[in-house]
Each structure stands twice: as C-alpha cells, then as structure tokens.
Amino acid sequence: MNFDKELDARGLNCPLPILRCKKSLNEMTSGLVLKVVSTDPGSVKDFAAFAKQTGNELLSSAEAGGEYTFFIKKK
Amino acid sequence: MDDQKKLAIIATKGTLDWAYPPFILASTAAALGYETQIFFTFYGLQMLRKDLSCLKVSPLGNPGMPMKMPFGPKWFKGINWNIPNAVQSLVPGYESVATALMKQTIKNNGVASIPELRELCQEAEVKFIACQMTVELFGFEHSDFIDGVEYGGAATFFEFAGETDICLFI
C-alpha cells in the first residue's frame, strides 16, 4: 500500500504508539496516509479505537512476525 | 467547539506507580480530541514538582506488587521475591532500591517515563490545576512546581468538571 509518511513505534508501549501517531498526523495534511509499525499487541485494538474516535480512517491493520502494521488516512 | 468531549481527573496519589494512570489517560484523551484537565490535590501535588525524583514506589504493605528483577536470565527474572514486610521496613534504602529496579523494568518494557508523559500532556494542552489549599497545607511554594500550572480550589474544579463527559478520581 502507498503511504506518505512512516512511523516506527517498535518497542514502545501504551500509550506511546497512539501519542506518536497523533503527533505524526498533526504534521500531515488531510488525505495523506501514515504507516505505523508497532510491536505492542495492545495496539491492534487501540488503533481501531483511535480511528473510530478521531475520524481518521484505518485503511488496514495487519500482523506479521510479531509486528503490527497500520495504514491510517488523515481526516 | 461545543461538541468537544471533556475529561476531568482528580489526581491524589504521590507515588511513581500511581503517577501513571492520570498522565496516561490524560495524554491519550487529548490525542483523541478531548479537552482535558487534571486537578492535583494532596499527595498528587508531587507529580507537578520540577524534580520528579520524589516519586517512589513502595512494595511495603503492597501485596499486589510483583517483586521481580529487571536483569539476568529469564528464569531469574521470573522469580517473585517475596520479602516479608518486617524485613522491608528494617532495611534502610529499601524503597530507593525498589524504585530503581522499577524504573529499569519500565525502561525495559518500552513504557514512557513520568517526566516524558507529563511533557506529552503539556504539549497536548492538558490543563494542570494544583489545589492551592494543599499547596499551603504541605508547605510547598509555587516555585517548587513546573511552569504552566494554574492554582485553584474545589469550585475551580467543578466549573470544568460539571461539563465533562468523563470524570475520574485517581
């Protein structure tokens, strides 16, 4: 999937992946896509909840080899 | 913005472990778009001090706290050191050692430090209000605390809390 910016949240634990994601989105313009890679298993539900509450669109959420990858489109 | 959600937290604890819930919830709420305030009162004032080394963790009389080592091989890290209260209370510096071990565990797990979380809250415009009555009661000076703190009382808290969607006492 194409993305405009990448955030490496590996090794970070709750709530840092969400806070860093929010910060990255703040620096982006509407419609751009942010890729986030995390190793926190809790982030799967958290990113879905974050997207739902903020209106940013979670385009995809996937797990591979203990890493979780999210693509988020800025509102 | 009238439809913006609001969260108010009353933070009353002054230990390292209990400094986490208010700052984690406040910073996350701010990231989710909530207007957020924390009212710090009694021991919670410790969390606003410039020097946060006052925040410690005490395993004494806290049976819920696992005592595990943050270093060594896996089998060693898995041991829960069940040290009797009587021993804990007699050993000088026990809390400082437990605090140092806890801070290492926090770091090993990629969990943010309290100074970092507090800064993230401030960046996200979480409003900090210190209870003026307890500031005086405990003999603190405003200069003991970080910049950006407002001082007020119970009525100040209710002015915001009365309009919130979520209100927590921690």
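An account of the accompanying structure is given in this report. (Residues numbered from 1 in each chain as written. Chains lettered and ligands numbered in written order. Predicted model: local features only at pLDDT ≥ 70, side-chain atom pairs only at ≥ 80, totals over all residues.)

Regarding the sheet that holds strand 1 (residues 5-9) of chain A
Residues and elements named next belong to chain A.
Working step 1: Strand order across the open sheet formed by 4 strands is 1-2-4-3, with mixed pairing between neighbours. Since the sheet does not close on itself, it has two edges, and those belong to strand 1 and strand 3 (57-64), each with one partner. Averaged over all adjacent pairs, the angle separating strand axes in this sheet is 15°, with direction ignored.
Working step 2: Sheet topology places strand 2 (residues 33-38) next to strand 4 (residues 67-73); 6 bridges connect them, and they run antiparallel. Residue pairing across strands places valine 33 opposite lysine 73, the latter belonging to strand 4.
Working step 3: Each of strand 1, strand 2 and strand 4 is contacted by helix 1 (residues 16-26), which is oriented at about 160° to strand 1, the strand it contacts most.
Working step 4: Contacts between helix 2 (residues 43-54) and the sheet are confined to strand 2, strand 3 and strand 4, with strand 3 contributing the most and set at about 175° to the helix. (Pairing = 2+ DSSP bridges. Helix = DSSP H or I, 4+ residues; strand = E, 2+ residues; numbered from the N terminus. Axes fitted to C-alpha atoms, helices over the stretch in contact; angles between N-to-C directions. Contact = placed C-beta atoms within 7 Å.)

A closer look at helix 5 (residues 114-123) of chain B
Working step 1: Taken together, the buried positions of helix 5 of chain B are occupied by B:Leu117, B:Arg118, B:Leu120 and B:Cys121. Along the axis of helix 5 of chain B, the buried positions cluster into a sector of 160°, meaning they face one direction only.
Working step 2: Those residues of helix 5 of chain B hidden inside the fold are in contact with helix 1 of chain A together with helix 1 (16-31) of chain B.
Working step 3: One or two residues past the end of helix 5 of chain B sits B:Glu125, with phi positive at roughly 65°. (Buried ≥ 20, exposed ≤ 12 C-beta atoms within 10 Å, placed from the backbone. Arc of directions from axis to C-beta.)

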